[in-house]
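Below are the chains, spelled out letter by letter.
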Number of protein chains: 6
Amino acid sequence: MNVVVQKIERPDPAVVRGLAECGVATVHEAQGRTGLMASWMRPIYAGARIAAPAVTVTLPACDNWMIHVAVEQLQPGDIPVVAPTSPSDAGYFGELLGVSMRARKAAGLVIEAGCRDVRELTELRFPVWSKAICAQGTVKETIGSVNVPVVCAGVLVNPGDVIVADDDGICVVARAEAAKVLEKALARLAAEDATRKRLAAGELGLDVYDMRGRLAGKGLKYV
Amino acid sequence: MNVVVQKIERPDPAVVRGLAECGVATVHEAQGRTGLMASWMRPIYAGARIAAPAVTVTLPACDNWMIHVAVEQLQPGDIPVVAPTSPSDAGYFGELLGVSMRARKAAGLVIEAGCRDVRELTELRFPVWSKAICAQGTVKETIGSVNVPVVCAGVLVNPGDVIVADDDGICVVARAEAAKVLEKALARLAAEDATRKRLAAGELGLDVYDMRGRLAGKGLKYV
Amino acid sequence: MNVVVQKIERPDPAVVRGLAECGVATVHEAQGRTGLMASWMRPIYAGARIAAPAVTVTLPACDNWMIHVAVEQLQPGDIPVVAPTSPSDAGYFGELLGVSMRARKAAGLVIEAGCRDVRELTELRFPVWSKAICAQGTVKETIGSVNVPVVCAGVLVNPGDVIVADDDGICVVARAEAAKVLEKALARLAAEDATRKRLAAGELGLDVYDMRGRLAGKGLKYV
Amino acid sequence: MNVVVQKIERPDPAVVRGLAECGVATVHEAQGRTGLMASWMRPIYAGARIAAPAVTVTLPACDNWMIHVAVEQLQPGDIPVVAPTSPSDAGYFGELLGVSMRARKAAGLVIEAGCRDVRELTELRFPVWSKAICAQGTVKETIGSVNVPVVCAGVLVNPGDVIVADDDGICVVARAEAAKVLEKALARLAAEDATRKRLAAGELGLDVYDMRGRLAGKGLKYV
Amino acid sequence: MNVVVQKIERPDPAVVRGLAECGVATVHEAQGRTGLMASWMRPIYAGARIAAPAVTVTLPACDNWMIHVAVEQLQPGDIPVVAPTSPSDAGYFGELLGVSMRARKAAGLVIEAGCRDVRELTELRFPVWSKAICAQGTVKETIGSVNVPVVCAGVLVNPGDVIVADDDGICVVARAEAAKVLEKALARLAAEDATRKRLAAGELGLDVYDMRGRLAGKGLKYV
Amino acid sequence: MNVVVQKIERPDPAVVRGLAECGVATVHEAQGRTGLMASWMRPIYAGARIAAPAVTVTLPACDNWMIHVAVEQLQPGDIPVVAPTSPSDAGYFGELLGVSMRARKAAGLVIEAGCRDVRELTELRFPVWSKAICAQGTVKETIGSVNVPVVCAGVLVNPGDVIVADDDGICVVARAEAAKVLEKALARLAAEDATRKRLAAGELGLDVYDMRGRLAGKGLKYV
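Residues numbered from 1 in each chain as written. Chains lettered and ligands numbered in written order. Predicted model: local features only at pLDDT ≥ 70, side-chain atom pairs only at ≥ 80, totals over all residues. Heavy atoms only, no water.

S.K.: I'd like a rundown of the overall build of chain A, residues and numbers included.
M.R.: Scanning chain A from N- to C-terminus turns up eight helices and 13 strands. For chain A, the share of sequence-separated contacts (at least 6 apart) that also reach a separation of at least 24 residues comes to 76%. On chain A, roughly 7800 Å² of surface is accessible, and the fraction owed to carbon and sulfur atoms is 53%. Taking the average location of the 25 positive side-chain charges in chain A and that of its 25 negative ones, the two points are 4 Å from each other. (Helix = DSSP H or I, 4+ residues; strand = E, 2+ residues; numbered from the N terminus. Contact = heavy atoms within 4.5 Å. Areas by Shrake-Rupley, 256 points an atom, 1.4 Å probe, with all protein chains shown as cover. Lys, Arg positive; Asp, Glu negative; His and termini not counted. Charge placed at Lys NZ, Arg CZ, Asp CG, Glu CD.)

S.K.: Any details on the arrangement of the chains? Residues and values, ideally.
M.R.: Separating chain C from chain E is a minimum C-alpha gap of 14 Å, and the two share no contact. A gap remains between chain B and chain F, which never touch, and the nearest two C-alpha atoms on either side lie 14 Å apart.

S.K.: Give a description of the interface of chain D and chain F that names residues and reports values.
M.R.: The interface is formed by 36 residues belonging to chain D together with 34 residues belonging to chain F. Counting each side, the surface lost to burial between chain D and chain F is near 3100 Å², with a carbon and sulfur contribution of 57%. Ranking the residues of chain D by area buried against chain F places Trp65, Leu96 and Arg119 of chain D at the top, with a combined share of 21%. Inspection of the region where chain D meets chain F yields five salt bridges. Ionic pairing is found between Glu141 of chain D and Arg214 of chain F, a salt bridge with its closest N-O pair at 3.6 Å. At the surface where chain D touches chain F, the tally comes to 16 residue pairs in polar contact (both at pLDDT 80 or more). When residues in the side of chain D that touches chain F are grouped by element, the largest group, seven residues, is from helix 3 (residues 65–73) of chain D. Residue composition of the side of chain D that touches chain F, by class: 16 nonpolar, nine polar and eleven charged. Here strand 1 (residues 3–4) of chain D pairs with strand 13 (residues 221–222) of chain F via two bridges, running parallel. (Buried area = accessible area lost by both parts, 1.4 Å probe. Salt bridge = Lys/Arg side-chain N within 4 Å of Asp/Glu carboxyl O. Polar contact = N/O pair within 3.5 Å; in protein donor to acceptor, adjacent residues only side chain to side chain. Nonpolar A, V, L, I, M, F, W, Y, C, P; charged D, E, K, R; others polar. Pairing = 2+ DSSP bridges.)

S.K.: Quick one: what's the story with the interface of chain B and chain A, residue by residue and with numbers?
M.R.: With 36 residues of chain B in contact, the opposing surface of chain A contributes 34 residues. Across the contact surface, chain B and chain A share five salt bridges. At the surface where chain B touches chain A, the tally comes to 16 residue pairs in polar contact (both at pLDDT 80 or more). Taken together, the elements giving at least two residues each to the side of chain B that touches chain A come down to strand 1 (3–4), helix 3 (65–73), helix 4 (95–103) and helix 5 (118–124) of chain B. Ranked by residue count, the leading element in the side of chain B that touches chain A is helix 3 of chain B, at seven residues. Grouping the amino acids of the side of chain B that touches chain A by side-chain chemistry returns 16 nonpolar, nine polar and eleven charged.

S.K.: Which residues make up the relation of the copies chain D and chain F, and what are the values?
M.R.: Of the transformation placing chain D onto chain F, the axial shift is 0.0 Å and the rotation is 120°, giving an RMSD of 0.0 Å. Between the two chains, the operation in question is that of a three-fold axis. (Least-squares fit on C-alpha atoms with pLDDT ≥ 70 in both.)

S.K.: Go over unusual backbone geometry, please, and point to the residues and values.
M.R.: Notably, Ala153 of chain D is not glycine yet its phi reads approximately 50°, a positive angle. Its location among the elements puts Ala153 of chain D in the loop between strand 9 (150–152) and strand 10 (155–157). Residue Lys105 of chain E is not a glycine yet carries a positive backbone phi of 65°. Among the structural elements, Lys105 of chain E can be located in the loop between helix 4 (95–103) and strand 6 (109–115).

S.K.: I'd like a description of the environment of Asp161 of chain A, backed by residues and values.
M.R.: All names here are of chain A. Relative to the elements of secondary structure, Asp161 occurs in the loop between strand 10 (155–157) and strand 11 (162–166). Put simply, Asp161 and Thr56 are 105 residues apart on the chain and 9.3 Å apart in space, counted from C-alpha to C-alpha. Setting aside its immediate chain neighbours within four residues, Asp161 contacts Ala52, Pro53, Ala54, Leu156, Val172, Val173, Ala174 and Arg175. Separated by 3.1 Å, the side chain of Asp161 and the backbone nitrogen of Arg175 make a polar contact.

S.K.: Requested: an account of the packing of aromatic side chains, with residues and values cited.
M.R.: The final tally for this structure, using the stated rule, is nine aromatic pairs over all chains. Aromatic pair Trp40 of chain B and Trp40 of chain D: ring centres 5.8 Å apart, planes at 70°, arrangement edge-to-face. Here Trp40 of chain D lies in the loop between helix 2 (24–30) and strand 2 (42–43) and Trp40 of chain B lies in the loop between helix 2 (24–30) and strand 2 (42–43), a pairing that spans two chains. Classification of Trp40 of chain D by relative accessible area gives partly exposed; the value is 34%. Geometrically, the ring pair formed by Phe93 of chain B and Phe126 of chain B is stacked, given 5.9 Å between the ring centres and 20° between the ring planes. Pair noted here: Phe93 of chain B is in strand 5 (residues 91–93) and Phe126 of chain B is in the loop between helix 5 and strand 7 (128–133), with a separation of 33 residues, a long-range link. The burial state of Phe93 of chain B is the same as that of Phe126 of chain B; both residues are buried. A cation over a ring is seen here: Arg214 of chain F above Trp65 of chain D, with NZ or CZ 4.3 Å from the ring centre. (Phe/Tyr/Trp six-rings, centres within 6.5 Å; stacked < 30°, edge-to-face > 60°. Buried < 20%, exposed > 50% of the residue type's maximum accessible area, 1.4 Å probe, protein only. Lys NZ or Arg CZ within 6 Å of the ring centre and 35° of its normal.)

Next up, the structure:
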């Protein structure tokens with residue numbers, strides 16, 4: 001029942017890099033407003049913006065053993081996505097695992113549970129998105145699986161899906177969709193660029209987006 | 001039913017500037033401990049301290065159309081106060097609206113819902129106080145109203161009321177009371193100044209505030 | 001019933017300094033994963049790491065009078081631990097009390113309630129761990145006690161216990177255990193140092209901790 | 001500043017009785033989906049459905065003195081709406097106040113705080129909608145006001161407004177709008193009656209509401 | 001992108017009936033402690049215990065249009081599982097939809113959002129498991145999909161999976177696993193039966209489960 | 001470190017019975033408003049009212065092994081008070097343990113974690129006060145202690161303390177104080193009896209408690 005899948009398909013690195021530059025909100029829009037993890041997932045420090053292929057981890061409550069197993073499966077640029085099978089805020093992840101993952105060139109970590117040693121991880125600039133900050137230790141008694149489909153913070157994540165994460169949260173892009181989503185995201189950014197210039201110059205969204213007629217049609221009255 | 005009130009009374013700009021310098025805690029005390037929004041409203045970055053006349057916005061859940069309508073009603077120094085009629089953490093507000101409001105010289109934004117693009121808004125130094133950070137997009141399907149009374153985070157806000165906001169939260173001062181509240185706030189600050197010096201010199205609050213007799217009267221025993 | 005205990009036993013200052021350097025997660029582990037306050041207690045700014053003997057304060061809901069009483073009982077390096085008898089997010093503590101405690105050389109404050117004036121306290125570099133940030137004022141009507149056992153954020157704190165606090169939260173070490181816990185914490189740090197070097201060099205935790213056999217024994221399959 | 005307004009306008013009792021029969025969801029719809037209190041307000045027992053003119057009470061945190069003051073202002077069929085100025089879950093209301101209000105023929109109680117003695121109140125069939133059930137006692141030290149506008153669970157309530165409450169929550173109807181809202185609510189119920197019969201007979205909402213064309217127009221595909 | 005899948009595989013009705021009799025806790029154990037929805041999903045009344053094939057519904061925030069679409073896809077004994085793409089407590093579901101589903105012989109409803117008309121639904125004995133009780137209305141503006149995979153309360157649900165629900169919550173069993181899970185659940189119940197008799201007769205779990213040796217081995221001391 | 005203390009002092013059974021009849025709110029008041037557990041602890045069904053000596057249990061997160069150990073320590077009328085060292089909503093307790101405790105004549109259970117099989121426990125009339133209802137299973141891997149001091153839902157509980165629990169929550173009475181608290185509680189009930197009669201007859205609390213002068217003195221104005 002408990003397996004470590006060692007070979008997963010990864011997305012095109014150029015696509016992943018492109019998605020990182022787009023950021024969460026744009027990518028989320030570009031794929032039809034799907035794939036967003038719950039807003040209780042927060043970065044431990046502000047300013048990180050990454051995209052990376054997911055190495056998924058499912059493990060029991062209050063037991064972080066499988067994270068050690070997952071480290072071996074990481075290729076440079078990967079990000080572990082850790083989902084306990086029972087909710088817990090305990091601190092499954094801390095500095096030593098961060099050092100280890102940094103040595104393996106992981107892009108960061110997503111965990112629907114607690115994280116500790118946040119000062120040290122911040123100094124390392126190893127970005128973590130977690131549900132809680134909590135020093136409570138965990139055990140190493142029961143196994144789980146690596147690289148099977150998991151549900152993390154309300155979103156289905158398959159191994160090799162692209163995780164996009166920044167200060168706004170975390171968005172999951174299916175591997176097979178990644179190139180298409182990037183294309184749409186870039187188109188969106190290009191369009192926003194023109195809009196941004198007009199808005200920055202003081203034009204109103206009402207005019208830029210041509211909303212006045214439709215608002216009047218809905219019955220909006222100016223008094 | 002849905003209206004945009006175009007003319008609202010605004011408070012004296014000198015009073016507004018004065019209230020900004022006093023900060024939320026002092027203003028809240030100066031008006032008898034009323035007007036404080038719920039503590040789930042948090043700034044997206046630390047260090048902003050503003051006061052501004054409210055342009056109120058009421059809108060449906062998950063629909064940010066009326067924010068675009070509100071931008072046109074902003075005068076320099078105003079702050080939109082956005083209250084959805086149904087609770088939602090979706091990201092009604094992001095960078096483009098921030099750029100547009102910045103171009104209109106808005107002082108910031110208060111929204112009892114989600115905000116996104118917080119990295120970009122932080123770089124713009126456009127302060128937002130919100131209930132959540134969430135990239136989830138919203139629609140533009142249903143209208144609401146601008147500059148009608150709204151309840152935001154538990155407090156009644158009338159258009160033209162003064163919004164005072166800083167790292168402690170948000171306090172609402174009725175327009176008609178603003179000058180009087182500023183006067184009391186300044187008196188409070190002056191009194192605190194003297195107290196602060198004595199405390200900083202090591203005197204005890206027990207003596208500065210002359211509390212020992214009353215404590216003994218309540219039955220406090222030193223053992 | 002309501003007392004101020006004026007004489008408490010304090011731990012050895014060298015031990016306290018040692019625990020500060022170890023940090024919350026290590027100390028929590030060193031004492032068998034006990035003593036951790038609930039994760040809703042958060043620092044008002046990032047980066048502080050302290051250890052200090054507790055001066056405990058129990059007080060009624062929405063009434064901060066006893067904090068003033070407690071200031072007189074502080075010796076340099078102490079930290080007040082404030083536990084209301086009924087839950088409240090109100091702002092029991094602000095700048096003036098911070099100035100007063102700073103003048104008394106307190107190490108910071110732990111309060112299972114709200115804190116206000118966080119900008120000023122941050123500028124003072126006076127660290128506070130609290131359950132909420134909230135400007136709501138409190139009264140001075142009802143007395144409580146100082147230096148009696150209290151339960152704060154789920155943990156029993158006796159006066160003179162060592163409070164260790166940093167970005168990960170707060171851990172309480174019983175005074176009588178402090179030297180022994182420090183010893184174990186230092187041993188742990190020393191062991192971690194060696195481990196950290198091996199992990200930083202790219203070795204896997206699976207090998208460093210010799211986990212492969214036990215994982216296989218539990219039935220983990222690599223596919 | 002603190003007043004008891006003794007004379008308030010009350011709505012037509014026949015209208016109030018009518019609204020009680022319509023229930024919260026229907027009344028909320030009939031007035032354009034406004035006036036609904038936050039969903040954290042829950043009845044202490046299932047099955048009560050009432051409507052009543054509001055006698056509003058604003059009072060300090062953890063202090064229930066003004067509820068005693070409000071009892072004198074109750075006329076038969078009224079309901080006190082109690083809003084503390086600072087959030088608290090303490091038990092402001094219990095059996096004795098329930099007995100007193102029952103003797104004054106109050107319709108029940110709405111309180112954005114805690115309630116206690118719920119077994120006794122349930123036996124009395126005195127319905128209470130509250131934010132929490134909590135035995136924590138309160139004090140009688142500081143005054144507030146009766147029959148001034150208050151914000152309760154996010155909604156502005158004026159004295160004499162109609163409170164409609166049942167297992168779904170609480171809806172506030174402005175006194176001046178009550179007759180018109182009742183009319184719309186009854187029309188809605190009549191229309192629902194016909195719809196209910198068709199649905200109960202197995203017809204589909206898709207046909208009863210004639211939705212198929214509009215769904216196809218939005219691009220819905222059946223596969 | 002938005003589709004209604006009209007043909008789904010359903011599990012063997014005898015297996016579904018069997019799972020209903022086992023209840024949530026037993027089924028959850030029998031399938032290796034997976035498939036449990038988050039504990040914020042609660043029944044609107046106590047005592048219902050059902051199992052049913054899932055008809056999945058994904059829809060936008062605050063928009064219940066697709067529930068009407070889903071009704072047509074229900075076969076007797078099915079249960080709709082409704083997952084909005086953005087979190088909301090609004091009341092997507094009420095009496096009329098309940099009457100319609102009852103007429104179609106649905107087994108109940110699971111919705112990660114709000115439910116209203118709970119008194120009427122309770123009288124109908126139409127069981128609903130929801131995240132909130134809230135009268136707030138929703139719109140019918142935007143389409144979603146029926147019978148595609150959804151994530152509901154943290155669990156992946158495919159159309160035709162078995163939903164087991166009772167007072168303990170909701171457990172999802174993959175269609176292909178259902179017969180095997182039932183077999184294990186029945187074995188578990190049989191074993192529990194023997195254990196229950198011994199425990200009811202006053203024997204200790206320590207002896208029934210033969211725990212004393214292992215506890216001693218872990219170092220447990222009796223003093 | 002992990003022990004089972006087999007001999008504890010228990011309070012006088014007559015005192016325990018007396019406290020059960022007084023109920024939580026009265027007992028909490030009688031002992032100076034202390035000892036109340038947090039209001040997130042709720043009964044799994046309404047109407048139970050008990051008092052019982054505590055057999056305390058501390059155990060690791062998601063591990064219920066020590067509950068089995070505790071059963072052996074129960075004497076008729078006792079109540080286990082279970083406090084995990086790390087927060088968790090998992091279902092540590094279910095029907096079989098309930099049957100076993102019922103056979104040992106336990107009065108019920110208090111657990112700051114999850115409970116499952118609530119339908120069966122309700123049918124057994126075995127009352128449980130818990131933080132959550134959740135079917136998630138736990139393991140039996142790590143030991144804890146029985147009959148050592150624990151902190152449960154924010155309150156220190158020593159073995160042999162009296163637990164009073166009903167629909168209002170849970171109150172802890174120190175064993176040594178129990179007789180004195182009962183005496184005060186009975187006096188309070190007697191006084192309330194007279195007051196209840198006057199209030200039920202329509203007298204106002206303002207007069208019964210003689211509040212009018214003090215209110216006027218605080219500045220309350222009737223308008």
